[in-house]
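Structure assessment
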Amino acid sequence: MAIIIRSEIPEDFDIIDRIHDEAFGHDWESKLIRALRTEAGYDPTLSLVAELDGMVIGHILFSRITVESPAGSHPALILAPLAVFKEYRSMKAGTLLVSEGIRIAKERGETMMLVYGHRFYERFGFTMAHEKGIFRPNPMKGEFVRLLELTEGAANGVMGVIKYPVSFKPLIEQWY
Ligand SMILES: CC(C)(COP(=O)(O)OP(=O)(O)OC[C@H]1O[C@@H](n2cnc3c(N)ncnc32)[C@H](O)[C@@H]1OP(=O)(O)O)[C@@H](O)C(=O)NCCC(=O)NCCS
């Protein structure tokens, strides 16, 4: 049975919560997603689900952010959160969700994608953002931000700090 990637619909909202609550062991990510859905800039076509045999098994969200530097404000997308139900891991749902997000972003002319994440993201070409001078707002937390340039050299000269939609505020102290 093939895994299908599609945009979320309201009927998916509860299972999306459950996927993230199970994966992360708390409800911070599902609360973040619900809060982001109420913000003006929310784009449901950047909230993707992985469906297997009619069941939603994974979810990824991309939100619009900026990197603020003395030279100006640089648009980017942040990938957060991503999760797949434990029972359905290592079936490539995670890879398909990230790959489809990258494809859509490129198609729309986006230039940079950021993620707080582990080595899983290296397979897509993400590298450490701080090496390009892009930093998280909370420097005390160390640097885990990874960057994917969607167009060649997109981050050249973009040196600054990530600015998030307001819904990220509760998570910024903790993670971001
Ligand atoms: C990360 C996650 C979304 C991957 O989903 P998935 O559907 O299993 O992904 P895929 O099947 O495409 O890929 C699985 C690969 O990811 C690797 N992987 C999973 N978590 C990883 C981690 N923390 N660090 C490095 N690699 C990781 C697996 O080892 C596996 O490797 P393989 O391809 O060599 O076998 C899933 O493990 C998950 O939900 N994890 C908990 C939530 C999480 O960490 N989200 C990302 C936060 S930044």
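Keep in mind it's a predicted model, so treat the numbers as computed, not measured.

Quick look at the site of the ligand
By nearness alone, 16 residues border the ligand, and Val 84, Arg 89, Gly 94, Thr 95 and Gly 117 come closest of all. Secondary structure elements with two or more residues in the shell around the ligand: β4 (72-84) and α3 (93-107). Of the residues assigned to the shell around the ligand, the class counts are 7 nonpolar, 6 polar and 3 charged.

Regarding the environment of Ser 99
Note on placement: Ser 99 falls in helix α3. Exposure remark for Ser 99: the 14 C-beta atoms within 10 Å place this residue in the partly exposed category. A sequence separation of 94 residues divides Ser 99 from Ile 5, and the C-alpha atoms of the two residues are 9.9 Å apart.

Points about helix α1 (residues 13-24)
Look at α1: 17 Å from first C-alpha to last across 12 residues, which is about the 16 Å you get at 1.5 Å a residue. Where α1 is buried, its residues contact α2 (28-37), β2 (47-52), β3 (55-69) and β4.

Re the pairing of strand β8 (residues 145-149)
For β8, the buried fraction is high: 4 of the 5 residues fall into the buried class. Alignment of strand β5 (residues 112-116) against β8, held across 5 bridges, turns out to be antiparallel. Residue pairing for β8: Met 112 is matched across the bridge by Glu 149. As defined by bridge partners, strand β6 (residues 127-128) adjoins β8 across 2 bridges and the pair is classed as antiparallel. Residue pairing in the sheet places Thr 127 in a bridge with Leu 147 of β8.

Observations concerning the nonpolar core
With 45 residues, the main nonpolar core has Ile 78, Leu 79, Met 113, Leu 114, Val 115 and Leu 147 as its most contacted residues. Those elements that provide at least two residues to this core are α1, α2, β2, β3, β4, α3, β5 and β8. Top contributing element to this core by residue count: β4, with 8 residues. Dropping the residues within four chain positions of it, Ile 78 is found in contact with Phe 62, Ser 63, Ile 65, Leu 114 and Val 115.

Points about unusual backbone geometry
Phi is mostly negative for residues that are not glycine, and the peptide bonds are mostly trans. Note the cis peptide between Ala 80 and Pro 81, where omega equals -5°. Its location among the elements puts Pro 81 in strand β4. The backbone phi angle of Asp 53 is positive, close to 50°, even though this residue is not glycine. Tracing the sequence through the fold places Asp 53 in the loop between β2 and β3. Positive phi, close to 80°, is recorded for Lys 92, a residue that is not glycine. On the secondary structure map, Lys 92 appears in the loop between β4 and α3. In this structure Lys 92 comes out as partly exposed when scored by C-beta crowding, with 14 C-beta atoms within 10 Å.

The rules we used
Residues numbered from 1 in each chain as written. Predicted model: local features only at pLDDT ≥ 70, side-chain atom pairs only at ≥ 80, totals over all residues. Near = placed C-beta within 6 Å. Helix = DSSP H or I, 4+ residues; strand = E, 2+ residues; numbered from the N terminus. Nonpolar A, V, L, I, M, F, W, Y, C, P; charged D, E, K, R; others polar. Buried ≥ 20, exposed ≤ 12 C-beta atoms within 10 Å, placed from the backbone. Expected span 1.5 Å × (residues − 1). Contact = placed C-beta atoms within 7 Å. Pairing = 2+ DSSP bridges. Core = buried A, V, L, I, M, F, W, Y, C linked by C-beta atoms within 7 Å.

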